[in-house]
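Take a look at the letters that make up each chain.
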Amino acid sequence: MAESTKSATLTFDGKSIDLPMMSPTAGPDVIDIRKLYAQGNVFTYDPGFTSTAATDSAITFIDGDKGELLYRGYPIEQLADKSHFLEVCYLLLYGELPTAVEMVDFEARVTKHTMVHEQMHYFFRGFRRDSHPMATLVGVVGAMSAFYHDSLDISDQWQREVAAIRMIAKLPTIAAMAYKYSVGQPFVYPRNGLDYASNFLHMCFAVPCEDYQVSPTLAKALDRIMMLHADHEQNASTSTVRLAGSSGANPFACIAAGIACLWGPAHGGANQACLEMLREIGSLDRIPEFIARAKDKNDPFRLMGFGHRVYRNFDPRAKVMKESADEVLDLMGIHNNPLLQIAKELEKIALEDPYFIEKKLYPNVDFYSGIILEAMGFPTSMFTPIFALSRTVGWISQWKEMITDPNQKIGRPRQLYIGKTTRNYVDVADRVK
Ligand code: ACO
């Protein structure tokens with residue numbers, strides 16, 4: 001980030017404050033307000049951080065108007081086409097694409113860590129079988145800090161590295177275990193001879209009593225879903241991870257916080273909510289009714305899988321996802337899938353509707369991912385855990401970046417207080433209502 005020659009002047013209450021500006025390598029300039037309170041005794045007000053950069057970062061860039069998403073400068077479309085998930089993990093973590101030798105070494109480091117501590121198997125038994133796998137994931141990932149004491153010291157670069165690799169390696173194992181537990185089947189141990197996505201499919205769908213062959217096409221489609229979800233700059237869950245980490249909390253606790261945030265339907269939970277919405281719509285003739293509800297100010301209903309804080313043109317991930325949906329359904333021999341038909345028609349109608357055009361609402365990554373995951377055999381409750389295991393590398397990369405940032409401070413937003421001012425305590429006998 002370069003200091004800009006520009007500056008901004010804020011005028012209020014008859015005084016003027018000059019604020020320095022900074023220029024990013026891409027995206028709009030920022031006004032540096034760090035000294036504003038000290039100089040002007042005022043705060044800024046920005047609920048939802050719509051106009052506030054809380055950090056600098058060199059990992060991911062989104063141009064919402066162009067519909068562009070870059071990981072370390074590489075367009076997501078190129079990565080989705082030519083790369084694979086573990087290579088993307090390396091890129092996000094270390095900043096460059098690996099050489100062939102570096103890739104082999106990284107893969108070996110990740111696969112060495114795929115098993116979880118055997119004692120963790122018993123930990124799962126404390127959950128009800130009908131727990132949502134996201135509930136289990138939050139608990140078990142948080143509990144990793146009780147199992148891996150040798151990677152908790154955040155001031156030790158090596159321990160940070162081990163914690164990062166452990167989480168990338170173990171999240172699929174934990175998510176698969178959460179699924180197996182919920183359906184009452186035995187846990188399936190990881191198979192290190194399989195690639196990352198195939199191993200996850202195997203752990204989810206294999207059973208000890210028969211052979212399970214992973215379909216390479218399904219594995220490729222899942223790998224692509226993982227790449228598309230790997231990072232997305234300062235979204236709600238990533239900011240949660242950074243905020244939790246800013247206090248010096250251990251990395252497992254920080255990622256558990258990110259998973260908790262991701263679960264919400266306005267964020268990662270939208271993939272489950274979207275498929276449930278498509279099921280509720282049920283038939284093409286009911287689409288206008290749901291479009292009308294989405295536009296009705298008095299109805300809290302929103303079209304799930306539509307809209308994004310940053311993308312104002314299209315979500316490039318949704319485009320790739322739509323192509324994958326067709327491929328996977330073809331492979332599975334699912335023709336004329338009613339949910340896909342409803343999704344395509346809903347998208348068409350919404351994109352022509354003045355309400356959605358004016359508010360720049362487009363399908364986001366979650367609009368088509370649920371259809372693909374369902375065709376692969378995953379229940380809706382597993383959609384958000386798959387998002388979580390894919391995003392883990394993004395969260396960790398951002399957490400690692402934060403820990404080594406010399407400007408890093410504990411995150412502590414200010415507030416615009418609107419409560420009572422100082423008043424005296426009243427004895428209970430004297431209280432009148
Ligand atoms: N359906 C109908 N109207 C919508 C939708 C929607 N999906 N999304 C936004 N709007 C409307 C809002 O009602 C609001 O209208 P108003 O200006 O008349 O009040 C306007 O568009 C702006 O919406 P905000 O909620 O202010 O936009 P924000 O940037 O805060 O929210 C969000 C973005 C949370 C993604 C929102 O679009 C949404 O709730 N979408 C549905 C859930 C979803 O798909 N989430 C996944 C996001 S992608 C991800 O996390 C991987």
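Keep in mind the model is a prediction, meaning the values are calculated, not measured.

So, on to the sheet that holds strand 4 (residues 60-63). Strand order in the open sheet made by the three strands is 4-5-6, with antiparallel pairing throughout. Two strands bound the open sheet, and with one partner strand each, they are strand 4 and strand 6 (74-75). Sheet analysis places strand 5 (residues 68-71) next to strand 6, joined by two bridges and oriented antiparallel. From the neighbouring strand, L70 faces strand 6, where its bridge partner is P75.

So, about the site of the ligand. Surrounding the ligand, one finds 21 residues, the nearest of these being K297, L303, G305, R309 and K359. Between the ligand and the protein, one listed contact pairs a nitrogen atom with a backbone N or O atom of A266 at 3.0 Å. Contact distances for the ligand include 2.7 Å between a nitrogen atom and a backbone N or O atom of L303. Taking 920 Å² as the accessible area of the ligand by itself, protein coverage stands at 76%.

Position of A244 relative to the elements: it lies in helix 10 (residues 236-246). The class of A244 is partly exposed, set by a relative accessible area of 22%. For the pair A244 and I255, spaced 11 residues apart in sequence, the C-alpha to C-alpha distance is 8.7 Å. Ignoring any residue separated from it by four or fewer positions in sequence, one finds A244 in contact with A249, C254 and A257.

Moving on, we get to empty space enclosed by the protein. In this structure the tally under the stated criterion is two cavities of 30 Å³ or more. The space that makes up the largest cavity amounts to roughly 50 Å³. In terms of lining, the largest cavity is formed by M115, V116, H121, T173, M177, F187, V188, Y189 and P190. Residues of the lining of the largest cavity, tallied by class, amount to seven nonpolar, two polar and no charged. In this structure, the second largest cavity occupies an estimated 40 Å³ of space. Looking at the second largest cavity, the residues that line it are G307, H308, Y311, F314, D315, K360, L361, Y362, P363 and N364. Grouping the constituent residues of the lining of the second largest cavity by class yields five nonpolar, three polar and two charged.

Let us now look at the pairing of strand 4. Burial of strand 4 is two-sided: the residues T60 and I62 facing one way and the residues F61 and D63 facing the other way are all buried. The sheet contact formed by strand 4 and strand 5 spans four bridges and is antiparallel. The residue of strand 5 that forms the bridge with T60 is Y71. In this structure, the hairpin formed by strand 4 and strand 5 is closed by a connection of four residues, where G67 is found at a positive phi of approximately 70 degrees.

So, about a nonpolar patch on the surface. Together, Y45, L416 and I418 give the surface a local cluster of nonpolar side chains, amounting to about 420 Å² of exposed area. Inspection of the secondary structure assignment puts I418 in the segment after helix 18 (383-403). For I418, a relative accessible area of 77% corresponds to the exposed category.

What follows covers the pairing of strand 2 (residues 15-23). As paired elements, strand 2 and strand 3 (residues 30-31) share two bridges and run antiparallel to each other. Bridge pairing in strand 3 places M21 opposite I31. A loop of six residues connects strand 2 with strand 3, the two strands running antiparallel in sequence, and G27 in this loop sits at a positive phi of about 100 degrees.

Take the packing of helix 6 (residues 133-147) against helix 11 (residues 251-262) next. Running from amino to carboxyl end, helix 6 crosses helix 11 at an angle of 170 degrees, the nearest separation of the two axes being 7 Å. With respect to their mutual orientation, helix 6 and helix 11 come out roughly antiparallel. Only F252, I255, A256, I259, A260 and L262 of helix 11 make contact with helix 6, whose side of the interface consists of M134, L137, V138, V141, G142, M144 and S145. Its residues placed into classes, the contact of helix 6 with helix 11 shows 11 nonpolar, two polar and no charged.

All right, on to the nonpolar core then. Among the nonpolar cores identified, the biggest contains 117 residues, and F200, L303 and F378 are the most heavily contacted of them. Top element by residues in this core is helix 7 (residues 157-183). It accounts for 14 residues.

Reported here for the second largest pocket is a volume of approximately 330 Å³. Forming the walls of the second largest pocket are 26 residues, and the residues nearest its centre are H84, D195, Y196, A197 and D223. For the lining of the second largest pocket, the secondary-structure elements that each account for two or more residues are helix 2 (76-82), helix 3 (85-94), helix 4 (100-111), helix 7, helix 8 (196-205) and helix 9 (216-229). Of all the elements, helix 9 adds the most residues to the lining of the second largest pocket, at five residues. Considered class by class, the residues forming the lining of the second largest pocket number 12 nonpolar, seven polar and seven charged.

This part takes up the packing of aromatic side chains. For the structure shown, the criterion picks out 18 aromatic pairs. Measuring from centroid to centroid gives 5.8 Å for F200 and F378, while their planes differ by 15 degrees, and the two rings are stacked. A residue pair is termed long-range when its members are at least 10 positions apart, and F200 in helix 8 and F378 in the loop between helix 17 (366-375) and helix 18 qualify at 178 residues. For F200, a relative accessible area of 0% gives the class buried. Residue classification places F378 among the buried positions, given a relative accessible area of 2%. Judged by centre distance (5.0 Å) and plane angle (85 degrees), the rings of F367 and Y368 are edge-to-face. Given a relative accessible area of 1%, F367 falls into the buried group. The buried category is assigned to Y368, whose relative accessible area is 1%. Here the aromatic residues Y179, F200, F205, Y212 and F378 are joined through ring pairs into a cluster of three or more. When the ring centre of Y37 is taken as origin, the NZ or CZ atom of R414, which lies over that ring, is 4.8 Å away.

What counts and how
- Residues numbered from 1 in each chain as written.
- Predicted model: local features only at pLDDT ≥ 70, side-chain atom pairs only at ≥ 80, totals over all residues.
- Heavy atoms only, no water.
- Pairing = 2+ DSSP bridges.
- Helix = DSSP H or I, 4+ residues; strand = E, 2+ residues; numbered from the N terminus.
- Near = heavy atom within 4 Å.
- Polar contact = N/O pair within 3.5 Å; in protein donor to acceptor, adjacent residues only side chain to side chain.
- Areas by Shrake-Rupley, 256 points an atom, 1.4 Å probe, with all protein chains shown as cover.
- Buried < 20%, exposed > 50% of the residue type's maximum accessible area, 1.4 Å probe, protein only.
- Contact = heavy atoms within 4.5 Å.
- 1 Å grid on protein atoms, 1.4 Å probe; cavity = no way out; pocket = protein on both sides within 12 Å on 5 of 7 lines; lining within 4 Å.
- Points joined across faces, edges and corners; volume = space filled by probe spheres on them.
- Nonpolar A, V, L, I, M, F, W, Y, C, P; charged D, E, K, R; others polar.
- Patch = residues over 30% accessible without salt bridge, like charges linked within 9 Å, V, L, I, M, F, W, Y side chains within 5 Å.
- Salt bridge = Lys/Arg side-chain N within 4 Å of Asp/Glu carboxyl O.
- Axes fitted to C-alpha atoms, helices over the stretch in contact; angles between N-to-C directions.
- Parallel < 35°, antiparallel > 145°, perpendicular 65-115°, else oblique.
- Core = buried A, V, L, I, M, F, W, Y, C linked by side-chain atoms within 4.5 Å.
- Phe/Tyr/Trp six-rings, centres within 6.5 Å; stacked < 30°, edge-to-face > 60°.
- Lys NZ or Arg CZ within 6 Å of the ring centre and 35° of its normal.

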